[in-house]
Amino acid sequence: MSKKSQWFKEAVVYQIYPKSFMDANGDGMGDLRGVIGKLDYLKALGIDVIWLNPCYKNSGVDGGYDISDYRAIAPELGTMEDFDELLRQAHARGIRIVMDLVVNHTSTEHPWFIESRAGKDSPKRDFYIWRPPFEGKEPNRERSVFSGPAWQYDEATGEYYLHMFAVEQADLNWENEAVRREVYDMMHWWFKKGIDGFRMDVIDMIGKPPAMLRADGGPHGPSSHGPREHEFLREMNREVLSHYDILTVGESGSVTVEQALDYANLDGSELNMMFQFEHVEHDAGEDTKWSAGPMNLVKLKKIFERWQTGLHGRAWNSLYWDNHDQPRAVSHFGCDEERCRVRSAKMIAACLHMMEGTPYIYQGEELGMTNYPLRDISESKDVEAINAWNELVVEQKRFTPEYMMACIRYKGRDNARTPMQWTAGKNAGFSEAEPWMPVNPNYTFINAESQVNDPDSVFSFYKKLIALRKTHPVIVNGDFTLLMPEDKQVFAYLRRHAGRTLQVACNFSGEHAALDAQAQTSGSMLIANYDEPGDAAVLRPWEVRVTLV
Ligand code: TEU
Ligand code: CA
């Protein structure tokens, strides 16, 4: 791969969920003009790339992931002219724009699906995955990620269609070359507008295992990494991706280190990197994502060790704590009570940003924004949580209402989708109108305005971390050695490159933590979250020290 095309290795990406970022036209919903108005804030933070969650015309079921027109902007977010202006203004500031590619499925309101559903002999019938009933019921027992069967019966043609997510999100049939051709043409269309890459939604599902598509009453089984998966991705790379100098990151809820060596290989034949889920789901429930925690540091750091050492020199890592599908980083991995929030937010940030890979900052993470205290399920706006409530609490009675609410408060996607907190003023400065989601009540003391000029703020700490990445090659290129692997409080590691050693020591607890000799930092301090130097052999609560030898 040419050196030019590896700019993603030095970049820091900022993820924007447009509905909740900034409302410029006063209708309570974030929009593209709102993003334009905050580009200087992002420039000040020092990020290089914006990943924009879907802003295409959609059916409003799954936060923009149920697309009904890939080449139109959702009217509630703005116009194509607004998008073109955003792209121009971002590029003028040296910020690249990566869009969200959602091609495992479309909305059932997409014209392709409407035509496909029209009849068994429709020219677009095979754009989707239709199967006859098996013994009068669903073709097999495949389950949707959003609870319930993955098959929806269609009266008109007496067949079922596959939907791995909501009923309103019909899976495209990637076995059909005409589908692939349409997707590649659409991707070229966006690249010719000047975008700088794609984050690829559940890209591991485009090559489906044959067993899940058989109308044989078979069991629920794997729904991704099928035999043609890499054939399709290499074709996409040949037909589209290799023509542009871009960043590509694929999302997979189940990808392993071994599989990532293909998906995110360094020879440029597939994608640049993957979003894997092992760390954010290390504390999941036994057969669902739902648990009430707590997180387990020993498990967590061993996961990072496998990914850091497994991909080093062979593929590339993404680095993230949260996103629009995850709880807030400081609530999940740090401590979100006021006595420890700022310190722990800085500690987890340094712990992640000093590793090998491209860091992703989710909107508000740089402020130490926290989970939202959802009162009850009626406050949720998330189809995943609502469907899970109906299945686990109402239908199956597996979870009590109290336990399910504890899980949703701990792991639910609503946590990340409350409005960005800009000021201590009305609606946190997000909108003049009633926001579509409630604002977290802590906006009065957690907001951008109070942090951008405060050298001790979480915002300023992220700014320093981003600057460090651009100053010290060991951060981008170093190898990884985990220290104190069995310690329940300390996450410590080394990075080595070209004769330099980066020492990182983090205390993921609210108590003092002893450091063994190897983990005691001895070099020049690059960044820390305590002003005064402490005891070399002991980390203070939530302390992080990064030194360079
Ligand atoms: O998410 C993929 C996915 O599996 C999610 O359901 C995720 O695992 C889960 O929400 C974690 O709690 C992608 C998008 O990021 C998500 O927003 C969409 O809802 C989903 O695909 C369908 O497009
Ligand atoms: Ca708006």
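Residues numbered from 1 in each chain as written. Chains lettered and ligands numbered in written order. Predicted model: local features only at pLDDT ≥ 70, side-chain atom pairs only at ≥ 80, totals over all residues. Heavy atoms only, no water.

Overview of the layout of surface pockets
1) Next: Approximately 1,300 Å³ is the volume found for the largest pocket.
2) Next: Ser144, Val145, Glu281, Lys289 and Glu384 are, among the 47 residues lining the largest pocket, the residues nearest its centre.
3) Next: Ranked by residue count, the leading element in the lining of the largest pocket is helix H11 (residues 383-395), at four residues.
4) Next: Of the residues that constitute the lining of the largest pocket, the class distribution is 14 nonpolar, 15 polar and 18 charged. (1 Å grid on protein atoms, 1.4 Å probe; cavity = no way out; pocket = protein on both sides within 12 Å on 5 of 7 lines; lining within 4 Å. Points joined across faces, edges and corners; volume = space filled by probe spheres on them. Helix = DSSP H or I, 4+ residues; strand = E, 2+ residues; numbered from the N terminus. Nonpolar A, V, L, I, M, F, W, Y, C, P; charged D, E, K, R; others polar.)

What to know about empty space enclosed by the protein
Any empty space left between the atoms is revealed when a probe the size of a water molecule rolls over them.
1) Next: One pass over the structure, following the stated rule, counts three cavities of 30 Å³ or more.
2) Next: A volume near 40 Å³ is recorded for the largest cavity.
3) Next: Every residue lining the largest cavity is listed: Ala260, Ala264, Met274, Gln276, Trp307, Leu311, Trp316, Asn317 and Ser318.
4) Next: Residue classes in the lining of the largest cavity are distributed as six nonpolar, three polar and no charged.

Here we look at the side chain of Asn237
1) Next: Structurally, the position occupied by Asn237 is in helix H6 (residues 229-239).
2) Next: In this structure Asn237 comes out as buried when scored by relative accessible area, which is 8%.
3) Next: Within the structure, the side chain of Asn237 is placed 2.7 Å from the backbone oxygen of Glu270, a separation counted as a polar contact.
4) Next: With near-sequence residues (within four places) excluded, Asn237 lies in contact with Ser242, Gly268, Ser269 and Glu270. (Buried < 20%, exposed > 50% of the residue type's maximum accessible area, 1.4 Å probe, protein only. Polar contact = N/O pair within 3.5 Å; in protein donor to acceptor, adjacent residues only side chain to side chain. Contact = heavy atoms within 4.5 Å.)

Side note on the sheet that holds strand S16 (residues 481-483)
1) Next: Spatially, the five strands line up as an open sheet ordered S16-S17-S18-S22-S20, and their pairing is antiparallel. For this open sheet the edge positions go to S16 and strand S20 (524-528), each flanked by a neighbour on one side alone. On average, adjacent strands in this sheet sit at an angle of 20° to one another, irrespective of strand direction.
2) Next: Most of the contacts of helix H8 (residues 297-311) go to strand S17 (residues 490-497), to which it runs at about 15°, and overall it touches S16 and S17.
3) Next: The strands that helix H13 (residues 458-471) touches are S20 and strand S22 (544-548); relative to S20, the one it contacts most, it runs at about 135°. (Pairing = 2+ DSSP bridges. Axes fitted to C-alpha atoms, helices over the stretch in contact; angles between N-to-C directions.)

Some words on the domain arrangement of the protein
1) Next: Each assigned domain of the protein is listed here: domain 1 (7-104 + 177-378 + 414-465), domain 2 (111-170) and domain 3 (479-548).
2) Next: Using only C-alpha atoms to locate each centre, domain 1 and domain 2 end up separated by 29 Å.
3) Next: Taken together, the 26 residues of domain 1 in the interface contact 23 residues of domain 2.
4) Next: Surface buried jointly by domain 1 and domain 2 totals about 1,900 Å² across both partners, of which 65% is contributed by carbon and sulfur atoms.
5) Next: Of all residues in domain 1, Leu213, Ala215 and His220 give up the largest surface area on contact with domain 2, accounting jointly for 24% of the area buried on that side.
6) Next: Between domain 1 and domain 2 we count zero salt bridges in total.
7) Next: Of all the secondary-structure elements, those providing two or more residues to the side of domain 1 that touches domain 2 are strand S4 (67-73) and helix H5 (177-193).
8) Next: Broken down by element, the residue count for the side of domain 1 that touches domain 2 peaks at three residues, all from H5.
9) Next: Here the side of domain 1 that touches domain 2 is composed, by residue class, of 13 nonpolar, seven polar and six charged. (Domains from an automatic or database assignment. Buried area = accessible area lost by both parts, 1.4 Å probe. Salt bridge = Lys/Arg side-chain N within 4 Å of Asp/Glu carboxyl O.)

Here we look at the pairing of strand S1 (residues 13-16)
1) Next: Burial along S1 is two-sided: the face carrying Val13 and Gln15 and the face carrying Tyr14 and Ile16 are both buried.
2) Next: Looking at chain direction, S1 and strand S15 (residues 358-362) are connected through three bridges and run parallel. Within S15, the residue paired with Gln15 across the bridge is Tyr362.
3) Next: Summarising the sheet, S1 and strand S2 (residues 49-52) pair through four bridges and their orientation is parallel. When the bridges of S2 are listed, Ile16 appears paired with Leu52.

A word on unusual backbone geometry
1) Next: Across the junction of Gly293 and Pro294, the peptide omega takes the value 0°, indicating a cis bond.
2) Next: Within the secondary structure, Pro294 sits in the loop between strand S13 (273-275) and H8.
3) Next: With phi around 50°, Glu135 is a residue other than glycine that occupies positive phi space.
4) Next: By the secondary structure assignment, Glu135 is in the loop between strand S7 (130-131) and strand S8 (151-154).
5) Next: Phi is positive for Val202, which is not a glycine, with a value near 35°.
6) Next: Since its relative accessible area comes to 9%, Val202 is described here as buried.

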